Amino acid sequence: MALITKHIPHGFASTGFYRKAAGPRTFVAPPVGEDNSDLEVEDEFLDDSDRDPDYVVEEDLIPTASGSATRIQPEEMPEEDEDEDDEEEDKAPPLPEFLQQPHEFFMRMLPIELLEDMVYQTNLYAHQKDVSTTFSIDIHDLMVFTGIVLYMGVMRGPSIDDYWALDTRMSQITEYMSSKRFRQIRALLHFNNNENAKSSTDRFYKVRPLFSGITKQFLQVKATPTQSIDEVMVGYKGTMAGNLRQYIANKPDKFGYKLFCRASIDGFIHDIVMY
């Protein structure tokens, strides 16, 4: 702490605590901010750190002949570019690695093995129905068909023809598949061998591989502690289902297939039992 000396004019008596002051009085400097204009700092009481607040002391400095250490000037900090800071703030943080793209999540729920089996059963049914047919599909055709079906569920048209009509056509569909090709796959799509259907007691024999496959994938997703079990209707207005078609008045789709589903609190379905 710096020591400050106040000079007293000659012949002026100044009283101390117990005695008169015989000479200059030494006292501690007041806090910074007060008016110290009448105080003179004696240079002999100041060290290098008081003269220069940026002074850097190093232990290994070698004193000069005069006894004072060499002063080290602090390095100047590089100026920050404000434009670069703004660009960094505008950039969105990278997504965590565990987050998947929509098509990756879809393939997780509908694995390639299940798609390959659907392609095989569809081609098999086409040849069982017409031995001389030239119809065949591959996984790419099946995935395009599935994508179109999902898109139709979001962008609903009055009829299938409207998606390809000149006035109401949708390029998201027409650019990837023709109306004739879509109708062919829709009519021949199969999930199980029809030749074994008569010997099976499972009333859902034709769609059992599809339900078993997707349910197996759903069960691999971690469920929340709080879950719900309820009825879910799969809308169906046709007449080929017999008494499997149910009617529930308080459901959005009153006619259709009834399923019992177990879901997490976020709405994700983990298990399905067909009624």
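In the nomenclature of an unreviewed UniProt entry, the protein is known as PiggyBac transposable element-derived protein domain-containing protein of Petrolisthes cinctipes.

Engineer: What should I look at first to understand the overall build of the protein in this one?
Structural biologist: Looking only at helices and strands, one finds eight helices and seven strands in the protein. Buried residues in the protein amount to 25% of all 275 residues. The long-range fraction of contacts in the protein, counting pairs at least 24 apart against all pairs at least 6 apart in sequence, stands at 49%.

Engineer: Please explain the packing of helix α4 (residues 112-129) against helix α8 (residues 208-218) as it appears in this structure.
Structural biologist: Helix packing geometry: the angle between the two helix axes and the distance between the axes. At a closest axis distance of 10 Å, the pairing of α4 and α8 adopts a crossing angle of 170°. With respect to α8, the axis of α4 lies roughly antiparallel. Residues L114, D117 and M118 of α4 form the contact with α8, whose own contacting residues are P209, L210, G213 and I214. In the contact of α4 with α8, the residues fall into five nonpolar, one polar and one charged.

Engineer: Could you clarify how one ought to interpret the nonpolar core in this entry?
Structural biologist: When a protein is soluble and globular, its nonpolar side chains tend to lie buried together. In terms of nonpolar packing, the biggest core is built from 37 residues, with M118, I148, M152, W164, M177, F182 and L210 touching the most fellow members. Looking at this core, the elements that each hand over two or more residues are α4, α5 (139-154), α7 (179-188), α8, β6 (255-264) and β7 (269-274). Leave out the neighbours within four places in its chain, and L210 touches L110, L114, M118 and F191.

Engineer: Help me understand α4, please; the structure alone is not making it clear to me.
Structural biologist: Residues spaced three or four apart along an α-helix face the same direction, because each turn holds 3.6 residues. Helix length check: α4 (18 residues) gives 26 Å between terminal C-alpha atoms against 26 Å at 1.5 Å per residue, within 8%. L114, L115, M118, V119, Q121, T122, N123, Y125 and A126 are the residues of α4 that are buried. Next to the buried residues of α4 lie α3 (102-109), α5, α7 and α8.

Engineer: Is there a simple way to think about the pairing of β6 in this case?
Structural biologist: Two faces belong to every sheet, and in a regular strand the side chains alternate between them. As paired strands, strand β4 (residues 227-235) and β6 are joined by nine bridges and run antiparallel to one another. Each bridged residue has a counterpart across the sheet, and for V234 the counterpart in β6 is Y257. Inspection of the sheet shows strand β5 (residues 246-247) paired to β6 by two bridges, in the antiparallel sense. If you follow Y247 over to β6, its bridge partner there is F255. Pairing of β6 with β7 involves five bridges; the strand directions are antiparallel. The residue bridging F260 from the neighbouring strand is V273, located in β7. Taken together, β6 and the strand that follows it, β7, pair antiparallel across an intervening segment of four residues, in which G267 is found at a positive phi of about 95°.

Engineer: Please explain the side chain of T174 as it appears in this structure.
Structural biologist: Looking at the secondary structure, you find T174 in helix α6 (residues 171-174). Among the residues examined, T174 registers a relative accessible area of 16% and is labelled buried. Side chain to side chain, T174 and R169 meet in a polar contact 3.4 Å long. T174 has contacts with Y163, W164 and R169, leaving out every residue within four places of it along the chain.

Engineer: Is there a simple way to explain the packing of α4 against α5 in this structure?
Structural biologist: Interaxial distance between α4 and α5 falls to 9 Å at its minimum, and their mutual angle equals 100°. When the axes of α4 and α5 are compared, the pair comes out roughly perpendicular. Of α5, the residues touching α4 (which contributes I112, L115, E116, M118 and V119) are I139, L142 and M143. Grouping the amino acids of the contact of α4 with α5 by side-chain chemistry returns seven nonpolar, no polar and one charged.

Engineer: Whenever I open this one, the pattern of salt bridges confuses me. Can you help?
Structural biologist: If charged atoms from side chains of opposite charge come close, those side chains can pair. Overall, the coordinates contain four salt bridges when judged by the stated rule. Note that D202 is salt-bridged to R208, the shortest N-O span being 2.7 Å. D202 sits in the partly exposed class, given a relative accessible area of 25%. The closest approach of N and O atoms between K258 and E231, which form a salt bridge, is 3.9 Å. One end of the pair, K258, is in strand β6; the other, E231, is in strand β4, with 27 residues separating them in the sequence. The exposure class assigned to E231 is partly exposed, which follows from its relative accessible area of 28%.

Calculation criteria
Residues numbered from 1 in each chain as written. Predicted model: local features only at pLDDT ≥ 70, side-chain atom pairs only at ≥ 80, totals over all residues. Heavy atoms only, no water. Helix = DSSP H or I, 4+ residues; strand = E, 2+ residues; numbered from the N terminus. Buried < 20%, exposed > 50% of the residue type's maximum accessible area, 1.4 Å probe, protein only. Contact = heavy atoms within 4.5 Å. Axes fitted to C-alpha atoms, helices over the stretch in contact; angles between N-to-C directions. Parallel < 35°, antiparallel > 145°, perpendicular 65-115°, else oblique. Nonpolar A, V, L, I, M, F, W, Y, C, P; charged D, E, K, R; others polar. Core = buried A, V, L, I, M, F, W, Y, C linked by side-chain atoms within 4.5 Å. Expected span 1.5 Å × (residues − 1). Pairing = 2+ DSSP bridges. Polar contact = N/O pair within 3.5 Å; in protein donor to acceptor, adjacent residues only side chain to side chain. Salt bridge = Lys/Arg side-chain N within 4 Å of Asp/Glu carboxyl O.

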